[in-house]
Amino acid sequence: MEKDTSFLLTGIKFNKKRFAGDFSRFKKRKQRNDDGPVDDLSYFKREDTEAEKVVASVNKKRKRKTKAERVEGFSVFKGSDSVPVVTDEGSEQEENNQKELNRQNERDLRLRKKYGIHVSGNNVPSPLQSFAELSTRYGCESYLLHNLVKLGFKEPTPIQRQAIPVLLSGRECFAKAPTGSGKTLAFVYPMLMKLKQPSKDGIRAVILCHTRELAAQTTRECKKMAKGSKFRIKLMTKELLRNTDFTKLPCDILISTPRRLQLCICKKKKKIDLSRVEYLVLDESDKLFERSLLEQTDSVVKACSNPSIIRSLFSATLPGFVEDVARTVMHDAVRVIVGDKNAASESIKQKLIFAGSEEGKLLALRQSFAESLNPPMLIFVQSIERAEELYGELKFDSIRVGVIHSNLSQEQRESVIDDFRAGKTWVLIATDVLGRGMDFKGVKCVINYDFPDCAASYIHRIGRSGRAGRIGEAITFYTEHDIPYLRNIANVMTASGCEVPSWLIDMPKKKWKKHCPRRESISTKPKDQEE
Ligand SMILES: Nc1ncnc2c1ncn2[C@@H]1O[C@H](COP(=O)(O)OP(=O)(O)OP(=O)(O)O)[C@@H](O)[C@H]1O
(Lines give C-alpha, C1' and ligand atoms only; values in the text may rest on other atoms or scores of the structure.)
Protein backbone atom coordinates (compact mmCIF):
# COMPACT_ATOMS: atom_id res chain seq x y z
CA MET A 1 0.00 0.00 0.00
CA GLU A 2 1.35 3.40 -0.89
CA LYS A 3 1.95 5.85 1.86
CA ASP A 4 -0.52 8.56 0.92
CA THR A 5 -3.82 8.79 2.70
CA SER A 6 -6.78 6.53 2.07
CA PHE A 7 -8.47 7.25 -1.21
CA LEU A 8 -11.82 6.06 0.03
CA LEU A 9 -11.71 8.26 3.05
CA THR A 10 -10.46 11.47 1.50
CA GLY A 11 -12.34 11.73 -1.78
CA ILE A 12 -11.03 12.59 -5.20
CA LYS A 13 -10.90 15.45 -7.65
CA PHE A 14 -12.56 14.55 -10.91
CA ASN A 15 -11.57 15.51 -14.35
CA LYS A 16 -14.38 17.35 -16.04
CA LYS A 17 -13.39 15.71 -19.28
CA ARG A 18 -15.64 12.82 -18.34
CA PHE A 19 -18.68 14.80 -19.39
CA ALA A 20 -17.37 15.58 -22.85
CA GLY A 21 -17.87 11.98 -23.90
CA ASP A 22 -21.56 11.92 -23.06
CA PHE A 23 -22.89 13.66 -26.12
CA SER A 24 -20.94 11.49 -28.51
CA ARG A 25 -22.14 8.39 -26.66
CA PHE A 26 -25.71 9.55 -27.13
CA LYS A 27 -25.07 9.94 -30.85
CA LYS A 28 -23.74 6.44 -31.11
CA ARG A 29 -26.70 5.12 -29.19
CA LYS A 30 -29.10 6.76 -31.60
CA GLN A 31 -27.40 5.15 -34.56
CA ARG A 32 -27.71 1.77 -32.91
CA ASN A 33 -31.41 2.32 -32.31
CA ASP A 34 -31.86 2.99 -36.00
CA ASP A 35 -30.71 -0.55 -36.70
CA GLY A 36 -34.12 -1.65 -35.50
CA PRO A 37 -35.16 -3.91 -32.67
CA VAL A 38 -33.84 -7.44 -32.33
CA ASP A 39 -35.91 -10.55 -32.95
CA ASP A 40 -36.25 -11.41 -29.28
CA LEU A 41 -38.41 -8.46 -28.33
CA SER A 42 -41.69 -10.29 -28.71
CA TYR A 43 -40.57 -12.45 -25.78
CA PHE A 44 -40.61 -9.43 -23.53
CA LYS A 45 -43.60 -7.23 -22.87
CA ARG A 46 -43.17 -4.26 -25.14
CA GLU A 47 -44.69 -1.06 -23.89
CA ASP A 48 -42.77 1.63 -25.75
CA THR A 49 -44.72 4.55 -27.08
CA GLU A 50 -44.01 7.30 -29.57
CA ALA A 51 -44.27 9.69 -26.67
CA GLU A 52 -41.26 8.05 -25.06
CA LYS A 53 -39.16 8.87 -28.08
CA VAL A 54 -40.05 12.54 -27.65
CA VAL A 55 -39.18 12.24 -23.99
CA ALA A 56 -35.85 10.67 -24.86
CA SER A 57 -35.02 13.63 -27.03
CA VAL A 58 -36.07 16.08 -24.30
CA ASN A 59 -34.09 14.16 -21.74
CA LYS A 60 -31.10 14.40 -24.02
CA LYS A 61 -31.41 18.19 -24.11
CA ARG A 62 -32.12 18.30 -20.41
CA LYS A 63 -29.07 16.21 -19.74
CA ARG A 64 -26.81 18.51 -21.74
CA LYS A 65 -28.22 21.54 -20.01
CA THR A 66 -27.84 20.22 -16.48
CA LYS A 67 -24.41 18.78 -17.10
CA ALA A 68 -23.18 22.21 -18.08
CA GLU A 69 -24.68 23.66 -14.90
CA ARG A 70 -23.47 20.96 -12.56
CA VAL A 71 -20.82 21.69 -10.00
CA GLU A 72 -18.12 19.29 -8.95
CA GLY A 73 -18.93 17.18 -5.94
CA PHE A 74 -21.13 14.45 -4.70
CA SER A 75 -24.74 15.50 -4.97
CA VAL A 76 -26.72 12.37 -4.38
CA PHE A 77 -29.21 13.98 -2.09
CA LYS A 78 -29.69 17.16 -4.01
CA GLY A 79 -32.85 17.79 -5.92
CA SER A 80 -34.09 14.20 -5.90
CA ASP A 81 -36.60 13.79 -8.69
CA SER A 82 -36.77 17.44 -9.49
CA VAL A 83 -36.93 18.37 -13.14
CA PRO A 84 -35.17 21.45 -14.41
CA VAL A 85 -37.52 23.63 -16.37
CA VAL A 86 -36.57 23.98 -19.99
CA THR A 87 -37.94 27.36 -21.06
CA ASP A 88 -37.82 28.69 -24.51
CA GLU A 89 -40.67 31.11 -24.81
CA GLY A 90 -42.67 31.01 -27.96
CA SER A 91 -41.56 27.59 -28.93
CA GLU A 92 -44.60 25.38 -29.25
CA GLN A 93 -42.39 22.38 -29.72
CA GLU A 94 -40.57 23.03 -26.48
CA GLU A 95 -43.88 23.43 -24.67
CA ASN A 96 -45.17 20.12 -26.00
CA ASN A 97 -41.93 18.49 -25.11
CA GLN A 98 -42.17 19.88 -21.61
CA LYS A 99 -45.69 18.50 -21.24
CA GLU A 100 -44.54 15.12 -22.44
CA LEU A 101 -41.64 15.30 -20.05
CA ASN A 102 -44.01 15.98 -17.18
CA ARG A 103 -46.16 13.04 -18.23
CA GLN A 104 -43.06 10.86 -18.37
CA ASN A 105 -42.07 11.99 -14.89
CA GLU A 106 -45.48 11.02 -13.60
CA ARG A 107 -45.16 7.63 -15.27
CA ASP A 108 -41.74 7.19 -13.67
CA LEU A 109 -43.10 8.04 -10.25
CA ARG A 110 -45.97 5.57 -10.67
CA LEU A 111 -43.63 2.82 -11.80
CA ARG A 112 -41.25 3.46 -8.92
CA LYS A 113 -44.09 3.44 -6.45
CA LYS A 114 -45.43 0.17 -7.86
CA TYR A 115 -42.06 -1.56 -7.42
CA GLY A 116 -40.99 0.09 -4.14
CA ILE A 117 -38.10 1.93 -5.77
CA HIS A 118 -36.78 5.05 -4.02
CA VAL A 119 -34.24 7.24 -5.77
CA SER A 120 -32.21 10.32 -4.99
CA GLY A 121 -29.92 12.26 -7.25
CA ASN A 122 -30.15 14.71 -10.13
CA ASN A 123 -32.25 13.81 -13.17
CA VAL A 124 -32.61 10.14 -12.42
CA PRO A 125 -33.24 8.21 -15.65
CA SER A 126 -36.66 6.57 -16.10
CA PRO A 127 -36.98 3.03 -14.79
CA LEU A 128 -37.36 0.21 -17.32
CA GLN A 129 -40.90 -0.90 -18.04
CA SER A 130 -39.64 -4.06 -19.66
CA PHE A 131 -36.45 -5.72 -20.90
CA ALA A 132 -37.54 -4.74 -24.42
CA GLU A 133 -36.53 -1.19 -23.59
CA LEU A 134 -32.91 -2.30 -23.39
CA SER A 135 -33.14 -2.50 -27.14
CA THR A 136 -35.50 0.35 -27.96
CA ARG A 137 -34.02 2.87 -25.54
CA TYR A 138 -30.41 1.76 -25.42
CA GLY A 139 -29.72 -0.25 -28.56
CA CYS A 140 -28.78 -3.39 -26.66
CA GLU A 141 -26.99 -6.03 -28.75
CA SER A 142 -29.25 -8.90 -29.74
CA TYR A 143 -27.01 -11.59 -28.21
CA LEU A 144 -27.61 -10.05 -24.77
CA LEU A 145 -31.38 -10.22 -25.22
CA HIS A 146 -31.07 -13.81 -26.45
CA ASN A 147 -29.20 -14.60 -23.26
CA LEU A 148 -32.00 -13.14 -21.14
CA VAL A 149 -34.42 -15.39 -23.00
CA LYS A 150 -32.18 -18.40 -22.42
CA LEU A 151 -31.96 -17.60 -18.73
CA GLY A 152 -35.75 -17.48 -18.66
CA PHE A 153 -35.92 -13.91 -17.37
CA LYS A 154 -39.06 -12.21 -18.64
CA GLU A 155 -39.41 -9.15 -16.46
CA PRO A 156 -36.73 -7.01 -14.86
CA THR A 157 -36.68 -7.09 -11.06
CA PRO A 158 -37.18 -3.70 -9.35
CA ILE A 159 -33.46 -3.10 -8.85
CA GLN A 160 -32.81 -3.99 -12.49
CA ARG A 161 -35.57 -1.61 -13.63
CA GLN A 162 -33.83 1.34 -12.03
CA ALA A 163 -30.12 0.57 -11.71
CA ILE A 164 -29.67 -0.51 -15.33
CA PRO A 165 -30.83 2.83 -16.84
CA VAL A 166 -28.78 4.73 -14.25
CA LEU A 167 -25.59 2.90 -15.19
CA LEU A 168 -26.36 2.99 -18.91
CA SER A 169 -26.72 6.73 -18.77
CA GLY A 170 -23.16 6.91 -17.50
CA ARG A 171 -24.03 7.78 -13.91
CA GLU A 172 -22.41 6.33 -10.84
CA CYS A 173 -24.78 4.44 -8.62
CA PHE A 174 -25.10 3.06 -5.15
CA ALA A 175 -27.87 0.66 -4.64
CA LYS A 176 -29.56 -1.37 -1.95
CA ALA A 177 -32.05 -4.08 -2.83
CA PRO A 178 -33.18 -7.23 -1.03
CA THR A 179 -31.17 -10.43 -1.09
CA GLY A 180 -31.88 -12.61 -4.11
CA SER A 181 -33.39 -9.76 -6.11
CA GLY A 182 -31.05 -9.91 -9.11
CA LYS A 183 -28.44 -7.29 -8.30
CA THR A 184 -25.77 -9.23 -10.22
CA LEU A 185 -27.59 -8.80 -13.50
CA ALA A 186 -28.30 -5.17 -12.59
CA PHE A 187 -24.60 -4.38 -12.71
CA VAL A 188 -23.33 -6.95 -15.23
CA TYR A 189 -25.76 -6.14 -18.07
CA PRO A 190 -25.06 -2.42 -18.30
CA MET A 191 -21.37 -3.23 -18.03
CA LEU A 192 -21.52 -5.57 -21.03
CA MET A 193 -23.62 -3.05 -22.92
CA LYS A 194 -21.26 -0.18 -22.22
CA LEU A 195 -18.10 -2.12 -23.03
CA LYS A 196 -19.79 -3.06 -26.34
CA GLN A 197 -17.04 -5.38 -27.58
CA PRO A 198 -13.72 -6.88 -26.56
CA SER A 199 -10.68 -4.69 -26.97
CA LYS A 200 -6.94 -5.08 -26.63
CA ASP A 201 -6.68 -1.97 -24.47
CA GLY A 202 -6.24 -3.85 -21.22
CA ILE A 203 -8.64 -4.43 -18.34
CA ARG A 204 -11.79 -2.34 -18.81
CA ALA A 205 -14.02 -3.56 -16.03
CA VAL A 206 -13.42 -4.84 -12.50
CA ILE A 207 -15.90 -6.48 -10.16
CA LEU A 208 -14.78 -6.80 -6.54
CA CYS A 209 -16.36 -9.49 -4.36
CA HIS A 210 -15.58 -10.09 -0.70
CA THR A 211 -14.99 -13.85 -0.96
CA ARG A 212 -13.47 -16.22 -3.52
CA GLU A 213 -16.72 -18.17 -3.63
CA LEU A 214 -18.72 -15.10 -4.57
CA ALA A 215 -16.07 -14.04 -7.10
CA ALA A 216 -16.27 -17.50 -8.72
CA GLN A 217 -20.08 -17.39 -8.79
CA THR A 218 -20.12 -13.88 -10.28
CA THR A 219 -17.63 -14.95 -12.96
CA ARG A 220 -19.90 -17.82 -13.91
CA GLU A 221 -22.97 -15.57 -14.05
CA CYS A 222 -21.10 -12.96 -16.03
CA LYS A 223 -20.02 -15.57 -18.59
CA LYS A 224 -23.60 -16.79 -18.93
CA MET A 225 -24.81 -13.26 -19.60
CA ALA A 226 -21.98 -12.58 -22.07
CA LYS A 227 -22.42 -15.83 -23.99
CA GLY A 228 -22.13 -15.23 -27.73
CA SER A 229 -19.70 -12.34 -27.30
CA LYS A 230 -15.92 -12.58 -27.35
CA PHE A 231 -15.38 -10.78 -24.05
CA ARG A 232 -12.51 -12.21 -22.07
CA ILE A 233 -13.84 -12.60 -18.56
CA LYS A 234 -11.29 -13.68 -15.96
CA LEU A 235 -11.47 -14.76 -12.36
CA MET A 236 -8.41 -13.83 -10.31
CA THR A 237 -7.32 -17.21 -9.04
CA LYS A 238 -4.26 -18.17 -7.03
CA GLU A 239 -2.65 -19.59 -10.20
CA LEU A 240 -3.32 -16.45 -12.21
CA LEU A 241 -1.88 -14.36 -9.41
CA ARG A 242 1.29 -16.45 -9.22
CA ASN A 243 2.06 -17.14 -12.83
CA THR A 244 0.80 -14.22 -14.87
CA ASP A 245 2.59 -11.36 -16.49
CA PHE A 246 -0.23 -8.88 -15.98
CA THR A 247 1.17 -6.51 -18.57
CA LYS A 248 0.15 -9.10 -21.16
CA LEU A 249 -3.05 -10.49 -19.66
CA PRO A 250 -5.78 -10.62 -22.31
CA CYS A 251 -8.77 -9.59 -20.25
CA ASP A 252 -11.77 -7.26 -20.60
CA ILE A 253 -13.51 -8.00 -17.33
CA LEU A 254 -11.68 -9.05 -14.18
CA ILE A 255 -13.44 -10.43 -11.12
CA SER A 256 -11.49 -10.68 -7.90
CA THR A 257 -11.41 -10.37 -4.17
CA PRO A 258 -9.76 -7.13 -2.99
CA ARG A 259 -6.89 -9.05 -1.39
CA ARG A 260 -5.81 -10.78 -4.58
CA LEU A 261 -6.14 -7.68 -6.69
CA GLN A 262 -4.16 -5.65 -4.20
CA LEU A 263 -1.34 -8.20 -4.44
CA CYS A 264 -1.27 -7.72 -8.24
CA ILE A 265 -1.22 -3.96 -7.85
CA CYS A 266 1.66 -4.12 -5.40
CA LYS A 267 3.75 -6.57 -7.45
CA LYS A 268 7.20 -5.21 -8.20
CA LYS A 269 7.35 -6.55 -11.75
CA LYS A 270 4.71 -7.36 -14.36
CA LYS A 271 2.10 -5.74 -12.20
CA ILE A 272 -1.45 -5.09 -13.18
CA ASP A 273 -2.50 -1.83 -14.81
CA LEU A 274 -6.00 -0.72 -13.82
CA SER A 275 -5.72 2.82 -15.15
CA ARG A 276 -8.01 2.08 -18.10
CA VAL A 277 -10.81 0.54 -16.10
CA GLU A 278 -14.04 2.16 -17.25
CA TYR A 279 -16.36 0.30 -14.96
CA LEU A 280 -15.82 -0.71 -11.33
CA VAL A 281 -18.37 -2.59 -9.24
CA LEU A 282 -18.07 -3.09 -5.50
CA ASP A 283 -20.49 -5.90 -4.77
CA GLU A 284 -21.45 -6.39 -1.11
CA SER A 285 -19.99 -2.93 -0.74
CA ASP A 286 -20.65 -2.55 2.98
CA LYS A 287 -18.57 -5.68 3.59
CA LEU A 288 -15.78 -4.36 1.36
CA PHE A 289 -15.71 -1.18 3.44
CA GLU A 290 -15.41 -3.00 6.76
CA ARG A 291 -12.13 -2.55 8.55
CA SER A 292 -10.80 -5.99 7.56
CA LEU A 293 -11.10 -5.25 3.83
CA LEU A 294 -11.00 -1.46 3.66
CA GLU A 295 -7.29 -1.05 2.97
CA GLN A 296 -7.36 -3.62 0.15
CA THR A 297 -10.52 -2.19 -1.37
CA ASP A 298 -9.00 1.25 -1.08
CA SER A 299 -5.91 0.31 -3.10
CA VAL A 300 -8.08 -1.14 -5.86
CA VAL A 301 -10.33 1.92 -6.06
CA LYS A 302 -7.26 4.12 -6.12
CA ALA A 303 -5.55 2.07 -8.84
CA CYS A 304 -8.64 2.42 -11.05
CA SER A 305 -7.59 5.96 -11.88
CA ASN A 306 -9.40 6.53 -15.18
CA PRO A 307 -11.20 9.89 -14.76
CA SER A 308 -14.17 8.64 -16.80
CA ILE A 309 -14.70 5.58 -14.64
CA ILE A 310 -18.24 4.63 -13.63
CA ARG A 311 -18.32 3.12 -10.16
CA SER A 312 -21.18 1.38 -8.51
CA LEU A 313 -21.82 -0.02 -5.05
CA PHE A 314 -24.37 -2.77 -4.51
CA SER A 315 -25.59 -4.53 -1.39
CA ALA A 316 -28.67 -5.74 0.42
CA THR A 317 -27.64 -3.60 3.39
CA LEU A 318 -26.52 -0.02 3.22
CA PRO A 319 -25.39 1.32 6.58
CA GLY A 320 -24.75 5.03 7.10
CA PHE A 321 -20.98 4.64 7.00
CA VAL A 322 -21.14 3.26 3.45
CA GLU A 323 -23.20 6.21 2.36
CA ASP A 324 -20.56 8.45 3.91
CA VAL A 325 -17.76 6.69 2.04
CA ALA A 326 -19.81 6.84 -1.16
CA ARG A 327 -20.21 10.56 -0.65
CA THR A 328 -16.45 11.06 -0.54
CA VAL A 329 -15.69 8.87 -3.52
CA MET A 330 -18.51 9.05 -6.04
CA HIS A 331 -19.48 11.81 -8.37
CA ASP A 332 -23.04 12.88 -9.10
CA ALA A 333 -24.19 9.42 -8.14
CA VAL A 334 -27.74 8.16 -8.04
CA ARG A 335 -28.86 6.35 -4.93
CA VAL A 336 -31.36 3.55 -5.53
CA ILE A 337 -33.10 1.84 -2.63
CA VAL A 338 -35.58 -0.96 -3.20
CA GLY A 339 -37.92 -1.71 -0.31
CA ASP A 340 -37.36 -0.80 3.30
CA LYS A 341 -33.80 0.03 4.26
CA ASN A 342 -33.59 -2.34 7.24
CA ALA A 343 -35.66 -5.17 5.84
CA ALA A 344 -34.91 -8.71 4.78
CA SER A 345 -36.50 -10.25 1.69
CA GLU A 346 -40.27 -10.38 2.13
CA SER A 347 -40.50 -13.89 0.70
CA ILE A 348 -38.78 -15.36 3.77
CA LYS A 349 -40.83 -16.63 6.71
CA GLN A 350 -38.82 -15.74 9.81
CA LYS A 351 -39.02 -17.58 13.14
CA LEU A 352 -37.27 -17.15 16.48
CA ILE A 353 -36.86 -20.20 18.74
CA PHE A 354 -35.74 -20.07 22.36
CA ALA A 355 -33.37 -23.00 22.79
CA GLY A 356 -32.48 -22.31 26.42
CA SER A 357 -28.91 -23.59 26.29
CA GLU A 358 -26.33 -24.84 23.82
CA GLU A 359 -27.48 -28.39 24.45
CA GLY A 360 -31.03 -27.25 23.80
CA LYS A 361 -30.01 -26.03 20.35
CA LEU A 362 -28.69 -29.41 19.31
CA LEU A 363 -31.82 -31.14 20.59
CA ALA A 364 -34.04 -28.65 18.77
CA LEU A 365 -32.06 -29.11 15.57
CA ARG A 366 -32.28 -32.91 15.67
CA GLN A 367 -35.96 -32.71 16.53
CA SER A 368 -36.63 -30.44 13.56
CA PHE A 369 -34.73 -32.86 11.26
CA ALA A 370 -36.84 -35.72 12.61
CA GLU A 371 -40.07 -33.85 11.97
CA SER A 372 -39.21 -32.68 8.50
CA LEU A 373 -35.96 -32.32 6.67
CA ASN A 374 -36.40 -30.02 3.76
CA PRO A 375 -33.06 -29.95 1.92
CA PRO A 376 -31.03 -28.18 0.73
CA MET A 377 -30.53 -26.37 3.99
CA LEU A 378 -27.88 -24.03 5.39
CA ILE A 379 -26.88 -23.82 9.05
CA PHE A 380 -24.87 -20.82 10.22
CA VAL A 381 -22.59 -20.82 13.25
CA GLN A 382 -20.39 -18.08 14.65
CA SER A 383 -16.90 -19.58 14.33
CA ILE A 384 -14.75 -22.12 12.52
CA GLU A 385 -14.36 -24.10 15.72
CA ARG A 386 -18.11 -24.34 16.21
CA ALA A 387 -18.64 -25.26 12.55
CA GLU A 388 -16.30 -28.24 13.03
CA GLU A 389 -17.93 -29.15 16.35
CA LEU A 390 -21.42 -29.20 14.86
CA TYR A 391 -20.18 -31.13 11.86
CA GLY A 392 -18.60 -33.67 14.24
CA GLU A 393 -22.00 -34.09 15.93
CA LEU A 394 -24.07 -34.40 12.78
CA LYS A 395 -21.83 -36.33 10.41
CA PHE A 396 -23.03 -39.69 11.69
CA ASP A 397 -26.71 -38.75 11.47
CA SER A 398 -28.07 -39.81 8.12
CA ILE A 399 -28.52 -36.34 6.73
CA ARG A 400 -25.61 -35.91 4.27
CA VAL A 401 -23.99 -33.02 6.02
CA GLY A 402 -21.05 -30.87 4.89
CA VAL A 403 -19.07 -28.04 6.43
CA ILE A 404 -17.37 -24.94 5.04
CA HIS A 405 -15.20 -22.25 6.62
CA SER A 406 -12.10 -20.29 5.84
CA ASN A 407 -9.66 -22.82 7.33
CA LEU A 408 -10.32 -25.21 4.45
CA SER A 409 -8.10 -25.08 1.38
CA GLN A 410 -9.47 -23.47 -1.76
CA GLU A 411 -9.87 -26.89 -3.38
CA GLN A 412 -11.78 -28.20 -0.35
CA ARG A 413 -14.04 -25.15 -0.34
CA GLU A 414 -14.77 -25.54 -4.04
CA SER A 415 -15.55 -29.21 -3.65
CA VAL A 416 -17.91 -28.56 -0.68
CA ILE A 417 -19.79 -25.93 -2.72
CA ASP A 418 -19.97 -28.21 -5.78
CA ASP A 419 -21.38 -31.06 -3.68
CA PHE A 420 -23.98 -28.77 -2.17
CA ARG A 421 -25.02 -27.38 -5.56
CA ALA A 422 -25.20 -30.90 -6.98
CA GLY A 423 -27.46 -32.09 -4.16
CA LYS A 424 -24.87 -34.57 -2.84
CA THR A 425 -24.86 -32.63 0.43
CA TRP A 426 -28.25 -31.83 1.93
CA VAL A 427 -27.28 -29.80 4.95
CA LEU A 428 -24.34 -27.42 4.83
CA ILE A 429 -22.86 -26.00 8.03
CA ALA A 430 -21.15 -22.68 7.38
CA THR A 431 -19.55 -19.69 9.01
CA ASP A 432 -20.31 -16.24 7.67
CA VAL A 433 -17.95 -17.00 4.77
CA LEU A 434 -21.11 -18.14 2.95
CA GLY A 435 -23.38 -15.58 4.56
CA ARG A 436 -23.49 -13.12 1.68
CA GLY A 437 -24.01 -13.15 -2.02
CA MET A 438 -24.09 -16.90 -2.61
CA ASP A 439 -26.95 -17.99 -4.82
CA PHE A 440 -27.92 -21.59 -4.10
CA LYS A 441 -31.16 -21.66 -5.99
CA GLY A 442 -33.03 -24.34 -4.11
CA VAL A 443 -32.24 -23.44 -0.49
CA LYS A 444 -35.56 -23.60 1.32
CA CYS A 445 -34.43 -23.13 4.87
CA VAL A 446 -31.67 -21.32 6.72
CA ILE A 447 -31.00 -22.02 10.38
CA ASN A 448 -29.11 -19.51 12.49
CA TYR A 449 -27.77 -22.05 14.93
CA ASP A 450 -25.77 -19.24 16.49
CA PHE A 451 -27.39 -15.86 16.71
CA PRO A 452 -25.87 -13.53 14.09
CA ASP A 453 -23.43 -10.86 15.19
CA CYS A 454 -25.28 -7.90 13.68
CA ALA A 455 -28.48 -7.05 11.83
CA ALA A 456 -26.74 -6.97 8.42
CA SER A 457 -25.37 -10.45 9.00
CA TYR A 458 -28.90 -11.66 9.88
CA ILE A 459 -30.37 -10.15 6.68
CA HIS A 460 -27.68 -11.65 4.45
CA ARG A 461 -27.63 -15.09 6.10
CA ILE A 462 -31.38 -15.63 5.89
CA GLY A 463 -31.31 -14.22 2.36
CA ARG A 464 -29.64 -17.45 1.17
CA SER A 465 -33.20 -18.77 1.04
CA GLY A 466 -36.20 -17.19 -0.62
CA ARG A 467 -34.30 -16.10 -3.72
CA ALA A 468 -35.74 -14.73 -6.94
CA GLY A 469 -39.20 -14.47 -5.40
CA ARG A 470 -39.27 -18.06 -4.08
CA ILE A 471 -40.60 -18.79 -0.61
CA GLY A 472 -37.96 -19.36 2.05
CA GLU A 473 -37.83 -20.07 5.75
CA ALA A 474 -35.41 -18.78 8.39
CA ILE A 475 -35.15 -20.15 11.91
CA THR A 476 -33.01 -18.38 14.50
CA PHE A 477 -32.13 -20.10 17.76
CA TYR A 478 -31.49 -17.89 20.74
CA THR A 479 -30.28 -18.47 24.28
CA GLU A 480 -30.07 -16.25 27.35
CA HIS A 481 -26.94 -14.64 25.91
CA ASP A 482 -28.83 -13.39 22.89
CA ILE A 483 -31.95 -12.00 24.56
CA PRO A 484 -30.65 -8.40 24.76
CA TYR A 485 -30.36 -8.34 20.95
CA LEU A 486 -33.73 -9.89 20.11
CA ARG A 487 -35.32 -6.51 19.66
CA ASN A 488 -32.93 -5.79 16.75
CA ILE A 489 -34.06 -8.91 14.94
CA ALA A 490 -37.66 -8.02 15.73
CA ASN A 491 -37.11 -4.70 13.95
CA VAL A 492 -35.87 -6.45 10.81
CA MET A 493 -38.81 -8.87 11.00
CA THR A 494 -41.32 -6.05 11.30
CA ALA A 495 -39.71 -4.13 8.43
CA SER A 496 -39.93 -7.26 6.27
CA GLY A 497 -43.64 -7.67 6.96
CA CYS A 498 -43.40 -10.59 9.44
CA GLU A 499 -45.64 -10.81 12.47
CA VAL A 500 -43.75 -10.20 15.69
CA PRO A 501 -45.12 -10.78 19.20
CA SER A 502 -45.75 -7.54 21.09
CA TRP A 503 -43.46 -8.50 24.01
CA LEU A 504 -40.56 -8.51 21.57
CA ILE A 505 -41.37 -5.05 20.29
CA ASP A 506 -41.61 -3.81 23.88
CA MET A 507 -38.08 -4.94 24.72
CA PRO A 508 -35.48 -2.22 25.21
CA LYS A 509 -33.22 -1.40 22.28
CA LYS A 510 -29.58 -2.39 22.63
CA LYS A 511 -26.77 -1.18 20.42
CA TRP A 512 -25.61 -4.21 18.50
CA LYS A 513 -21.91 -4.30 17.94
CA LYS A 514 -20.41 -7.57 16.85
CA HIS A 515 -22.31 -9.77 19.27
CA CYS A 516 -20.19 -12.91 19.42
CA PRO A 517 -20.42 -14.32 22.97
CA ARG A 518 -18.34 -17.22 24.27
CA ARG A 519 -20.58 -20.21 23.97
CA GLU A 520 -20.29 -23.66 25.51
CA SER A 521 -18.94 -26.18 22.99
CA ILE A 522 -21.40 -28.08 20.85
CA SER A 523 -21.56 -31.57 22.22
CA THR A 524 -23.95 -34.17 23.50
CA LYS A 525 -21.16 -35.98 25.30
CA PRO A 526 -21.38 -35.79 29.08
CA LYS A 527 -18.95 -33.12 30.38
CA ASP A 528 -16.64 -35.64 32.09
CA GLN A 529 -16.06 -37.47 28.78
CA GLU A 530 -14.96 -34.37 26.91
CA GLU A 531 -11.22 -34.11 26.16
N1 LIG B 1 -35.14 -10.69 -14.02
C2 LIG B 1 -35.05 -11.84 -13.40
N3 LIG B 1 -36.07 -12.73 -13.42
C4 LIG B 1 -35.98 -13.90 -12.75
N5 LIG B 1 -34.90 -14.31 -12.04
C6 LIG B 1 -33.86 -13.46 -11.99
C7 LIG B 1 -33.86 -12.21 -12.66
N8 LIG B 1 -32.68 -11.61 -12.43
C9 LIG B 1 -31.95 -12.44 -11.66
N10 LIG B 1 -32.64 -13.56 -11.40
C11 LIG B 1 -32.21 -14.71 -10.57
O12 LIG B 1 -32.36 -14.33 -9.20
C13 LIG B 1 -31.40 -15.02 -8.39
C14 LIG B 1 -30.75 -14.05 -7.42
O15 LIG B 1 -29.95 -13.13 -8.14
P16 LIG B 1 -28.64 -12.48 -7.52
O17 LIG B 1 -27.72 -13.55 -7.02
O18 LIG B 1 -28.10 -11.52 -8.49
O19 LIG B 1 -29.28 -11.74 -6.25
P20 LIG B 1 -28.67 -10.59 -5.35
O21 LIG B 1 -29.68 -9.52 -5.32
O22 LIG B 1 -27.29 -10.25 -5.80
O23 LIG B 1 -28.65 -11.30 -3.95
P24 LIG B 1 -27.62 -11.12 -2.70
O25 LIG B 1 -27.94 -9.82 -2.05
O26 LIG B 1 -27.93 -12.27 -1.81
O27 LIG B 1 -26.24 -11.15 -3.24
C28 LIG B 1 -30.42 -15.67 -9.34
O29 LIG B 1 -30.67 -17.05 -9.35
C30 LIG B 1 -30.72 -15.06 -10.68
O31 LIG B 1 -30.47 -15.96 -11.72
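Please read these numbers as outputs of a predicted model, since none were measured by experiment. (Residues numbered from 1 in each chain as written. Predicted model: local features only at pLDDT ≥ 70, side-chain atom pairs only at ≥ 80, totals over all residues. Heavy atoms only, no water.)

*Asks:* Sorry if this is basic, but what is going on with the sheet that holds strand β12 (residues 427-430) here?
*Replies:* What links the strands of a sheet is backbone hydrogen bonding, and the strands pair in either a parallel or an antiparallel sense. With parallel pairing, the six strands of this open sheet are ordered in space as β9-β14-β13-β10-β12-β11. Taken across any chain shown, the strands that pair with only one partner, and hence form the sheet edges, are β9 (348-356) and β11 (401-404). The average undirected angle you get between the axes of adjacent strands in this sheet is 20°. Where β9 lies against strand β14 (residues 472-479), eight bridges are found, and the strand directions are parallel. Among the inter-strand pairings, L352 is bridged to a residue of β14, identified as T476. Contacts from helix α16 (residues 384-394) reach β10 (377-380), β11 and β12, with the element oriented near 170° to β11. (Pairing = 2+ DSSP bridges. Helix = DSSP H or I, 4+ residues; strand = E, 2+ residues; numbered from the N terminus. Axes fitted to C-alpha atoms, helices over the stretch in contact; angles between N-to-C directions. Contact = heavy atoms within 4.5 Å.)

*Asks:* How should the packing of aromatic side chains be read in this particular structure?
*Replies:* When we look at a pair of aromatic rings, we describe it by the centre distance and by the angle of the planes. Taken as a whole, this structure holds four aromatic pairs when the rule is applied. Seen from their ring centres, F420 and F440 are 5.0 Å apart, and the 80° between their planes marks the pair as edge-to-face. Pair noted here: F420 is in helix α17 (residues 410-421) and F440 is in the loop between β12 and β13 (445-448), with a separation of 20 residues, a long-range link. Across this residue pair, the class does not change: F420 and F440 are buried. (Phe/Tyr/Trp six-rings, centres within 6.5 Å; stacked < 30°, edge-to-face > 60°. Buried < 20%, exposed > 50% of the residue type's maximum accessible area, 1.4 Å probe, protein only.)

*Asks:* Got a minute to help me understand the site of the ligand in this structure?
*Replies:* Of all residues adjacent to the ligand, which total 20 residues, the nearest are Q160, G180, K183, T184 and D439. A distance of 2.8 Å separates an oxygen atom of the ligand from a polar atom in the backbone of G180. Contact between the ligand and T184: an oxygen atom at 2.6 Å from a side-chain N or O atom of the residue. Considered class by class, the residues forming the shell around the ligand number five nonpolar, eight polar and seven charged. (Near = heavy atom within 4 Å. Polar contact = N/O pair within 3.5 Å; in protein donor to acceptor, adjacent residues only side chain to side chain. Nonpolar A, V, L, I, M, F, W, Y, C, P; charged D, E, K, R; others polar.)

That is the geometry; function is a separate question.
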